[in-house]
Amino acid sequence: MIVLKTSRELAVMRKAGIISQRALRLAGSMVEPGVSTWEIDKEVRRYIESQRAKPSFLGYDGYPASTCISVNHVVIHGIPKKSVILQEGDIVGIDVGAQYEGFHGDNAWTFPCGKISGEAQALLDATEKALFLAIEKARPGSRLGDIGHTVQEYVEARSYSVVREFTGHGVGADMHEDPSVPNYGTPGRGVRLTAGMVIAIEPMINLGRREIEVKPDGWTVVTKDGSLSAHFEHTVAITPNGPVILTLPD
Ligand code: MF3
Ligand code: CO
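None of these values were measured; they are calculated from a predicted model.

**Q** Quick rundown of the coordination of the cobalt ion (ligand 2)? Include the residues and the values.
**A** In a perfect tetrahedron of four donors around a metal, the angles come out at 109.5 degrees. In a perfect octahedron of six, they are 90 or 180 degrees. Bound to the cobalt ion (ligand 2) on the protein side are Asp106 (OD), His169 (NE2), Glu202 (OE) and Glu233 (OE), at distances that span 2.0 to 2.3 Å. Metal-centred angles of 47 to 170° between the 6 donor atoms at the cobalt ion (ligand 2) mark the site as irregular. Each donor residue of the cobalt ion (ligand 2) belongs to the same chain, and together they define the spacing D-x62-H-x32-E-x30-E. Of the two residues, Asp106 is situated in strand β5 (residues 103–112) and His169 in strand β7 (residues 168–170); the sequence distance between them amounts to 63 residues.

What follows is the structure, encoded as structure tokens:
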């Protein structure tokens, strides 16, 4: 069931979104060689809690941390650890959500650690661009297939591949609501978007093949071929005036 949000609820979701975005920026500012993903997670948790908010991920289905930090061939859901030390040239996907006054924000960005290869930078650029092209389609009258197709067409034209087993999702009082928002699809097909819907759009794009594998810890998702993977995400409200990115300042 898709839950529509009132404008009053959207105003609260905007606050949750801003806290999520500041938490993500803080995390990104800590990305440098020698830093452990555990240290980043610890600071993010401290920040979110200082805002009278709660880390959305902590305890979700038993998830043990406040962020997911996914390095290089890790696609998503990398668990922060003292033993994961960032190195020059890594690409570092950080995903974080905050719950504020009952509503969630959810966002992710893939940050370069120091100087990265041209190949890695091109993957980040394409994934970010695909996200923003898809956000443009998040308006009343569009369908979910338009969003998915936009991502798929842009990245496949550059011979990257779209992860299919994980998708974006509705966001609200629950972090994961209906509908699911795939990063592939057929234009004109799927659920029609209406004002009041809030969705997280989150392309997960691999440099190599699209197949993924889940590690024995039950969380860590990696590319099967070991190729690099990028992940960018915003929480977006569908309004009569078009898309409003809740995880960015006005
Ligand atoms: N934020 C992720 C998403 O975009 C999921 C978070 S991991 C979990 O859907 F631990 F919270 F499940
Ligand atoms: Co999400």
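**Q** Which residues make up the environment of Val155, and what values do they have?
**A** Assignment of secondary structure puts Val155 in helix α4 (residues 144–156). Once the C-alpha coordinates of Val155 and Gln121 are considered, the two residues, 34 residues apart in sequence, prove to be 14 Å apart. Beyond its immediate chain neighbours, meaning those up to four positions away, Val155 contacts Ala126, Ala130, Tyr160, Val162 and Ile205.

**Q** Please set out the environment of Lys42 residue by residue, giving values where relevant.
**A** Among the structural elements, Lys42 can be located in helix α2 (residues 37–50). A residue is classified by how much of its surface remains accessible, and Lys42, at 35% relative accessible area, is partly exposed. For Lys42 and Ile135, which are 93 residues apart along the polypeptide, the C-alpha to C-alpha distance reads 31 Å.

**Q** Just give me the short version of the site of ligand 1, but keep the residues and values in it.
**A** The local shell around ligand 1 holds 13 residues, among which Phe57, Tyr63, Asp106, His176 and Glu202 are the closest. His169 has a polar side-chain atom sitting 3.2 Å from an oxygen atom of ligand 1. The separation between an oxygen atom of ligand 1 and a polar side-chain atom of Glu233 is 3.2 Å. About the coverage of ligand 1: the protein hides 96% of its 330 Å² of free accessible area. Across the shell around ligand 1, the residue classes tally to 6 nonpolar, 3 polar and 4 charged.

**Q** Account for the packing of helix α3 (residues 118–136) against α4, with residues named and values stated.
**A** Axis separation between α3 and α4 bottoms out at 9 Å; the angle between their running directions is 150°. When the axis of α3 is compared with that of α4, the two are roughly antiparallel. Considering only the axes of α3 and α4, their crossing is right-handed. Across from Ala126, Lys129, Ala130, Leu133 and Ala134 in α3, the residues of α4 making contact are Ile147, Thr150, Val151, Tyr154 and Val155. Considering only residue class, the contact of α3 with α4 consists of 8 nonpolar, 1 polar and 1 charged.

**Q** Can you explain the packing of aromatic side chains? Please cite residues and give values.
**A** On inspection of all chains with the given rule, the structure shows 2 aromatic pairs. When the ring of Tyr63 is compared with that of Trp219, the centres are 4.8 Å apart and the planes differ by 80°; the resulting orientation is edge-to-face. Of this pair, Tyr63 sits in the loop between β1 (54–55) and β2 (67–71) while Trp219 sits in the loop between β11 (212–214) and β12 (221–223), placing them 156 residues apart in sequence. The class of Tyr63 is buried, set by a relative accessible area of 3%. Summarising the aromatic geometry, the rings of Trp109 and Phe232 are spaced 4.6 Å apart at their centres and angled 75° between planes, so their arrangement reads as edge-to-face. Of this pair, Trp109 sits in strand β5 while Phe232 is found in the loop between β13 (229–231) and β14 (234–239), placing the two residues 123 residues apart along the sequence. Lying over the aromatic face of Trp38, Lys82 brings its terminal NZ or CZ to 4.3 Å of the ring centre. Positioned above the aromatic ring of Tyr154 is the side chain of Arg158, whose terminal nitrogen or guanidinium carbon lies 3.7 Å from the ring centre.

**Q** Hey, could you go over a nonpolar patch on the surface for me, with residue numbers and the actual values?
**A** Nonpolar side chains collect at one region of the surface, where Ile2, Leu4 and Val191 lie side by side and expose about 210 Å² of accessible area between them. Residue placement: Ile2 occurs in the segment before α1 (7–29). Using a relative accessible area of 31% as the deciding quantity, one classes Ile2 as partly exposed.

**Q** Any chance you could break down the state of the cysteines for me, citing the residues and the numbers?
**A** Enumeration according to the criterion identifies 0 disulfides in this entry. Note on Cys113: no disulfide assigned, nearest cysteine sulfur contributed by Cys68 at a separation of 19 Å. With relative accessibility at 0%, the residue Cys113 sits in the buried group.

Definitions and cut-offs
Residues numbered from 1 in each chain as written. Chains lettered and ligands numbered in written order. Predicted model: local features only at pLDDT ≥ 70, side-chain atom pairs only at ≥ 80, totals over all residues. Heavy atoms only, no water. Donors = N, O, S within 2.8 Å, 3.2 Å for Na, K, Ca; no water. Tetrahedral: all angles 85-135°; square planar, octahedral: opposite > 155°, others 65-115°. Helix = DSSP H or I, 4+ residues; strand = E, 2+ residues; numbered from the N terminus. Contact = heavy atoms within 4.5 Å. Buried < 20%, exposed > 50% of the residue type's maximum accessible area, 1.4 Å probe, protein only. Near = heavy atom within 4 Å. Polar contact = N/O pair within 3.5 Å; in protein donor to acceptor, adjacent residues only side chain to side chain. Areas by Shrake-Rupley, 256 points an atom, 1.4 Å probe, with all protein chains shown as cover. Nonpolar A, V, L, I, M, F, W, Y, C, P; charged D, E, K, R; others polar. Axes fitted to C-alpha atoms, helices over the stretch in contact; angles between N-to-C directions. Parallel < 35°, antiparallel > 145°, perpendicular 65-115°, else oblique. Left-handed = near helix turned anticlockwise from the far one by under 90°. Phe/Tyr/Trp six-rings, centres within 6.5 Å; stacked < 30°, edge-to-face > 60°. Lys NZ or Arg CZ within 6 Å of the ring centre and 35° of its normal. Patch = residues over 30% accessible without salt bridge, like charges linked within 9 Å, V, L, I, M, F, W, Y side chains within 5 Å. Salt bridge = Lys/Arg side-chain N within 4 Å of Asp/Glu carboxyl O. Disulfide = S-S within 2.5 Å.

Fair warning: the whole summary comes from geometry, so function is off the table for now.
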